Amino acid sequence: MLRLRRRAALAWRHGRLLAQCLAVVAAIRVGLALFGYRTVLDHIAKAAPARPSGTHAHLHIWCVKHCSRIVPGATCLTQALALHYLRARAGHPTRVRIGVRQREDGRIAAHAWLVDGDVVLIGGQDEQLARFTPLIDLQAGLR
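Residues numbered from 1 in each chain as written. Predicted model: local features only at pLDDT ≥ 70, side-chain atom pairs only at ≥ 80, totals over all residues. Heavy atoms only, no water.

A. Broad picture of the overall build of the chain. Helices and strands together make up the secondary structure of the chain, namely six helices and four strands. Going from the N terminus to the C terminus, the chain shows its helices and strands as α-α-α-α-α-β-β-β-α-β. Sequence separation of at least 24 residues holds for 65% of the intrachain contacts in the chain that already meet a minimum separation of 6. In the structure as shown, the chain presents an accessible area of about 8900 Å², 56% of it carried by carbon and sulfur atoms. (Helix = DSSP H or I, 4+ residues; strand = E, 2+ residues; numbered from the N terminus. Contact = heavy atoms within 4.5 Å. Areas by Shrake-Rupley, 256 points an atom, 1.4 Å probe, with all protein chains shown as cover.)

Dropping the structure here:
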C-alpha cells in the first residue's frame, strides 16, 4: 500500500511532465508510423534547442516507461526516440543505438536503446543488450 501511495504522490507532483511525456510518446509513435525514423529524427533536431533544465534523467525515464504503457505500439524505438527528444530539450545529448541478434529460429531481431556516453538510459540492462550486435548510433541531425 505504501508503494502505491508513493507512486501516486510522484505522479501527482510530476503531472505536467507526465502529460508532456504522453504527448511526446504519442507523437513519436504516430510519426514513426507515418513518416519513418529519419523524418522523426530530423524533427527532433529542429524542435529540440538545448535548454538546460533541472529535470533529472531518471524522471524522464520513469515518464517514458509509464506513458509507453498507455500508447499502443510504443516499441523500443518509440521509447528511445521519446527519451532522446526529452533529454535533448533538457540540454543533454544522447544517442539512439540500434542493434540486431539472431533468434533461435534463425530470424533476425532488432532492438533500440538510448545511451548517454556509455550509460544505457532506456532499452534494457547491459547483460540483455550484450546479445545484440550494435549496428548504428542515430543522432538527431546526423545521417
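B. Region of the structure containing helix 4 (residues 57-70). The end-to-end C-alpha distance of helix 4 is 21 Å, a good match for the 20 Å that 14 residues give at a rise of 1.5 Å each. Residues of helix 4 that are buried: Leu59, His60, Ile61, Trp62, Cys63, Val64, Cys67 and Ser68. (Expected span 1.5 Å × (residues − 1). Buried < 20%, exposed > 50% of the residue type's maximum accessible area, 1.4 Å probe, protein only.)

C. Examining the pairing of strand 1 (residues 95-102) more closely. Pairing of strand 1 with strand 2 (residues 108-116), which is carried by eight bridges, proceeds in the antiparallel orientation. Of the residues in strand 2, the one forming a bridge with Gly99 is His111. Where strand 1 lies against strand 4 (residues 133-138), five bridges are found, and the strand directions are antiparallel. Opposite Val100, over in strand 4, you have Thr133 as the bridge partner. (Pairing = 2+ DSSP bridges.)

D. Inspection of the packing of helix 2 (residues 15-34) against helix 3 (residues 37-47) at higher detail. Between helix 2 and helix 3, the least distance of the axes is 7 Å, while the angle of their chain directions is 140°. Taken as axis vectors, helix 2 and helix 3 run oblique relative to one another. Where helix 2 abuts helix 3, its residues Ile28, Gly31 and Leu32 lie against Tyr37, Val40 and Ile44. Its residues assigned to classes, the contact of helix 2 with helix 3 comprises five nonpolar, one polar and no charged. (Axes fitted to C-alpha atoms, helices over the stretch in contact; angles between N-to-C directions. Parallel < 35°, antiparallel > 145°, perpendicular 65-115°, else oblique. Nonpolar A, V, L, I, M, F, W, Y, C, P; charged D, E, K, R; others polar.)

E. Spotlight on helix 3. For helix 3, the set of buried residues is Val40, Leu41 and Ile44. End-on, the buried residues of helix 3 take up no more than an arc of 100°, which puts them together on one face. Here the buried face of helix 3 lies against helix 2, helix 5 (76-89) and strand 4. (Arc of directions from axis to C-beta.)

F. The sheet that holds strand 4, seen in detail. The antiparallel open sheet is built from four strands, whose spatial order is 3-2-1-4. Two strands lie at the open edges of the sheet, namely strand 3 (119-122) and strand 4, each paired on one side alone. Mean inter-strand twist for the sheet, computed between neighbouring axes without regard to direction, equals 40°.

G. Looking closely at the packing of helix 4 against helix 5. Direction vectors running N to C along helix 4 and helix 5 enclose 145°, while the axes themselves pass 10 Å from each other. For the pair helix 4 and helix 5, the crossing hand works out as right-handed. From helix 4, Ala57, His60, Ile61, Val64 and Ser68 reach across to helix 5, where they touch Gln79, Ala82, Leu83, Leu86 and Arg87. For the contact of helix 4 with helix 5, the class distribution of residues is six nonpolar, three polar and one charged. (Left-handed = near helix turned anticlockwise from the far one by under 90°.)

H. Representation of the pattern of salt bridges within the structure. Under the criterion given, the structure shown has three salt bridges. Residues Asp137 and Arg95 are paired through a salt bridge, measuring 3.0 Å at the closest nitrogen-oxygen approach. Separated by 42 residues along the polypeptide, Asp137 in strand 4 and Arg95 in strand 1 bring together distant segments of the chain. One salt bridge connects Asp105 with Arg107, and the closest N-O pair in it is separated by 3.9 Å. Salt bridges sharing common partners tie together Arg95, Arg97 and Asp137. (Salt bridge = Lys/Arg side-chain N within 4 Å of Asp/Glu carboxyl O.)

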